[in-house]
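Tertiary structure, described
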Amino acid sequence: MKIHKLTTLFSAAIALGMIASLGHAANLSDQDKKFLTSYEKIHAALAADDLAGAKAAATELGDSGSDIAKADSLKDARVGFEKISAHAKTIAAGQNGYHVAHCPMLNKDWMQTSTTISNPYGGKAMVGCGEIQK
């Protein structure tokens, strides 16, 4: 009887482990990792009102970052950042260490690796405005 209970318990543990492993997001490709690394650099630069830094990091993205790389103002760079944020949210969905943040005042979303809000749309004036969504 004890062996039957142990076998049942062991089988249940294996089944739960398999179900849990299926729930993990797929591993990121090298290209996706590079995108998210450059995205995070742009995010940090825009949160600090650093247009030159945002433009430099955007060149790492090739065509995807061209709107930011060519921007003449922080406002234009932030418009470009909003476009790439949708892609960042898609590839980082379900990945550990990535969080969707939302600024209710500007109604904008972005991805970030920290749980401390760093608003790229409001810059220094609104750096702490927002909340982690997921």
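None of the values given here were measured: they were computed from a predicted structure. (Residues numbered from 1 in each chain as written. Predicted model: local features only at pLDDT ≥ 70, side-chain atom pairs only at ≥ 80, totals over all residues. Heavy atoms only, no water.)

1. Some words on the side chain of N119
Here is the rule we go by: Segments assigned H or I by DSSP are reported as helices when at least four residues long, segments assigned E as strands when at least two residues long, and all are numbered from the N terminus. Under this definition, polar contacts are N or O atom pairs within 3.5 Å; protein pairs additionally need one hydrogen-donor-capable and one acceptor-capable atom, and for neighbouring residues in sequence, both atoms have to be side-chain atoms. Contacts are assigned to residue pairs with any non-hydrogen atoms lying within 4.5 Å of each other.
Looking at where N119 falls in the secondary structure, it is placed in the loop between β2 (108-112) and β3 (131-132). Separated by 3.0 Å, the side chain of N119 and the backbone nitrogen of G122 make a polar contact. Setting aside chain neighbours within four positions, we find N119 in contact with A47, C103, W110, M126, V127 and C129.

2. What to know about the side chain of R78
Condition: Relative accessible area decides the class of each residue, using a 1.4 Å probe on protein chains only: under 20% of the type maximum gives buried, over 50% gives exposed, and in between gives partly exposed.
Inspection of the secondary structure assignment puts R78 in helix α5 (residues 74-92). Residue R78 is classed as buried on the basis of its relative accessible area of 13%. In this structure, R78 is in contact with L46, D49, P120, Y121, G122 and G123, ignoring residues within four places of it in sequence.

3. A short note on α5
This is how the line gets drawn: Here the bend at a residue is taken as the angle between two axes, fitted respectively to the seven residues that end there and the seven that start there.
At I84, α5 shows its largest kink, close to 30 degrees. Listed in full, the buried residues belonging to α5 are A77, R78, G80, F81, I84, S85, A88, I91 and A92. Where α5 is buried, its residues meet α2 (30-47), α3 (51-58), α4 (66-69) and β2. Taken from the residues just after α5, G94 is the one with a positive phi, measuring 80 degrees.

4. Looking at the pattern of salt bridges
How we decide: Salt bridges, as used here, are contacts in which a Lys or Arg side-chain nitrogen is within 4 Å of a carboxyl oxygen on Asp or Glu.
Taken as a whole, this structure holds five salt bridges when the rule is applied. Linking D67 and K83 is a salt bridge whose minimum nitrogen-to-oxygen distance equals 3.0 Å. Remark: K83 occurs in helix α5 and D67 occurs in helix α4; sequence separation between them is 16 residues. The salt bridge involving E82 is made with K108; its shortest N-O contact spans 3.0 Å. Placement of the pair is E82 in helix α5 and K108 in strand β2, with a sequence separation of 26 residues. According to the relative accessible area criterion, E82 is partly exposed, its value standing at 34%. Judged by relative accessible area, which is 23%, K108 ranks as partly exposed.

Interpretation in functional terms is not warranted from these geometric data alone.
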